[in-house]
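# Working through the structure, step by step
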Amino acid sequence: MTGRHRVVFAMDPVRTEGVLTSPLLDRLARSCTILDRSPLRSLTEGRALALLRQAEILVTGWGCPAIGRDILELAPNLRLIAHAAGTVKGFLSPDVLEAGIAVTHAAEANAIPVAEFTLAAILFANKQVFRFRDLYRADRNRSRTFPLTAQPVGNFHRTIGIIGASRIGRRVIEYLEPFSFRILLHDPYVSAREAAALGVESVSLDDLMRLSDVVSVHAPALPSTQGMITRRHLALMRDGTTLINTARGIIVKQDDLIAELGTGRIDAIIDVTYPEVPEESSPLYDLPNVFLTPHIAGAIGNEREMLGEFTVEEIERFVEGRPLLSAITPAALETMA
């Protein structure tokens, strides 16, 4: 470790609080020279211009300014951009990869809490936990909840439908493996042979919606996936089944979802919506068969440190000349959510 690789940070310190802790920064300083521990909010003001001229590694995070050809001209020594978060699509131009600069991100680390949230949601959905809670709270006795315990609720031999063999989708499949689930997968880019290797069955979207007790959405938000789940698909779900969305709200047609949920036929556990914050009058806040959370499935609180730890490890790999675990290619950037 020579300490010759010069590091600069570019992110919103409020939004990224807890990602790069002091111990992680100290660890990074053992392999690199940190030019300034205070992150840049702009890449074109005075302090930024001086730091970018020296920077070889730029560590980015939520709130990072856009990086394109103009910024590259300000950073002639830049060799690596390490994003301490998930997608880089919102701020990174393809020009960066075309210029031969390595780019990595911590999406693998962020996938862990999302998959954990999804696993918990699946287990709770099959167990009808929220329904039992609401009845128990309303009655304050077991007159209605006890008879329900003999109904076909629970997690034994249930069918789980996964839409999208994304990084998170695959981790959810991994987490489901110890249970006695039948797992269905819809992903047009995954062959039946690849699905079998994952331990799942490849099916059409219609069949997945029709056969699953729980449907969990993990597809990326691309032009081809926007609004891919419509009222027709939701109508295929059997009464009493559950839709979980921890991916992006735009994948499910929101008006169609609200209309189907309004019938009371199906339940939903929704962490993402479109728009991201529903209007105050949205039925999603009040429907009894909806469990709505404010986009918390990804890394929050102390989980954020996993992003920073993964990023520091990637930088160490880069400094030592080892391959990056999450290097982004032009093809991956194009299909990234």
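It should be noted that the structure appears before, not after, this text.
Residues numbered from 1 in each chain as written. Predicted model: local features only at pLDDT ≥ 70, side-chain atom pairs only at ≥ 80, totals over all residues. Heavy atoms only, no water.

## Here we look at the overall build of the protein chain
- The helix and strand inventory of the protein chain stands at 14 helices and 12 strands.
- For the C-alpha atoms alone, the extent of the protein chain along its principal axes is close to 70 × 45 × 35 Å.
- Burial status across the protein chain gives 50% buried among its 337 residues.
- With the model as given, the accessible surface of the protein chain reaches about 16100 Å², and the carbon-plus-sulfur share is 54%.
- Positive and negative side-chain charges in the protein chain, numbering 35 and 40 respectively, have mean positions lying 3 Å apart. (Helix = DSSP H or I, 4+ residues; strand = E, 2+ residues; numbered from the N terminus. Buried < 20%, exposed > 50% of the residue type's maximum accessible area, 1.4 Å probe, protein only. Areas by Shrake-Rupley, 256 points an atom, 1.4 Å probe, with all protein chains shown as cover. Lys, Arg positive; Asp, Glu negative; His and termini not counted. Charge placed at Lys NZ, Arg CZ, Asp CG, Glu CD.)

## Thoughts on the sheet that holds strand β3 (residues 57–60)
- Spatially, five strands are ordered β2-β1-β3-β4-β5 in an open sheet, and the strand pairing comes out parallel. Every interior strand has two partners, whereas the edge strands, β2 (33–34) and β5 (102–105), have only one.
- Strand direction decides the pairing type here: strand β1 (residues 6–10) and β3, joined by four bridges, are parallel. If you follow A10 over to β3, its bridge partner there is T60. (Pairing = 2+ DSSP bridges.)

## Concerning the pairing of strand β7 (residues 182–186)
- For β7, a buried count of four out of five residues is recorded, marking the element as mostly surrounded by other parts of the structure.
- Across five bridges, the pairing between strand β6 (residues 159–163) and β7 is parallel. When the bridges of β7 are listed, G161 appears paired with L184.
- The β-α-β motif built from β6, the intervening helix α8 (residues 167–176) and the parallel element β7 has right-handed crossover chirality.
- Judged from the two bridges that link them, β7 and strand β8 (residues 201–202) form a sheet pairing that is parallel. Counterpart to L185 in the pairing with β8 is S202. (Right-handed = clockwise from strand over helix to strand, strands pointing away.)

## Topic: the state of the cysteines
- The full count for this structure, using the stated rule, is zero disulfides.
- Summary of cysteine pairing: C32 is not part of a disulfide, and the nearest cysteine sulfur, belonging to C64, is at 18 Å.
- Given the relative accessible area of 3%, C32 is considered buried. (Disulfide = S-S within 2.5 Å.)

## Some details on empty space enclosed by the protein
- Here the structure, examined in full by the defined rule, presents one cavity of 30 Å³ or more.
- Its boundaries defined by the atoms lining it, the largest cavity holds a volume of some 30 Å³.
- L243, N245, V252, Q254, L257, I270 and V272 together form the lining of the largest cavity.
- Mapped by element, the contributors of at least two residues to the lining of the largest cavity are β10 (242–245) and α12 (254–262).
- Residue classes in the lining of the largest cavity are distributed as five nonpolar, two polar and no charged. (1 Å grid on protein atoms, 1.4 Å probe; cavity = no way out; pocket = protein on both sides within 12 Å on 5 of 7 lines; lining within 4 Å. Points joined across faces, edges and corners; volume = space filled by probe spheres on them. Nonpolar A, V, L, I, M, F, W, Y, C, P; charged D, E, K, R; others polar.)

## Examining the packing of helix α5 (residues 107–126) against helix α13 (residues 304–319)
- In contact at an axis separation of 8 Å, α5 and α13 are set at 155 degrees when each is read in the N-to-C sense. By the criterion of interaxial angle, the relationship of α5 to α13 is roughly antiparallel. Considering how the two elements wind past one another, α5 and α13 form a crossing that is right-handed. Of α13, the residues touching α5 (which contributes E108, A109, N110, I112 and P113) are M306, L307 and F310.
- Taken together, the residues that form the contact of α5 with α13 break down as six nonpolar, one polar and one charged. (Axes fitted to C-alpha atoms, helices over the stretch in contact; angles between N-to-C directions. Parallel < 35°, antiparallel > 145°, perpendicular 65-115°, else oblique. Left-handed = near helix turned anticlockwise from the far one by under 90°. Contact = heavy atoms within 4.5 Å.)

## Quick look at the layout of surface pockets
- Here the second largest pocket is characterised by a volume of approximately 650 Å³.
- Along its surface, the second largest pocket is lined by 33 residues, and Q128, R131, T242, D267 and N289 are the ones closest to its centre.
- For the lining of the second largest pocket, the secondary structure elements donating two or more residues are α5, α6 (129–139), β11 (267–270) and β12 (290–292).
- Examining the composition of the lining of the second largest pocket, we find that five residues originate from one element, α6, more than from any other.

## Regarding the side chain of E260
- You can see E260 is positioned in helix α12.
- Overall, E260 belongs to the buried group, its relative accessible area being 4%.
- Within polar-contact distance, the side chain of E260 engages the side chain of R265 at 2.9 Å.
- Beyond its immediate chain neighbours, meaning those up to four positions away, E260 contacts R231, L234, A235, R265 and I266. (Polar contact = N/O pair within 3.5 Å; in protein donor to acceptor, adjacent residues only side chain to side chain.)

Note that all results are geometric; they support no functional claim without further evidence.
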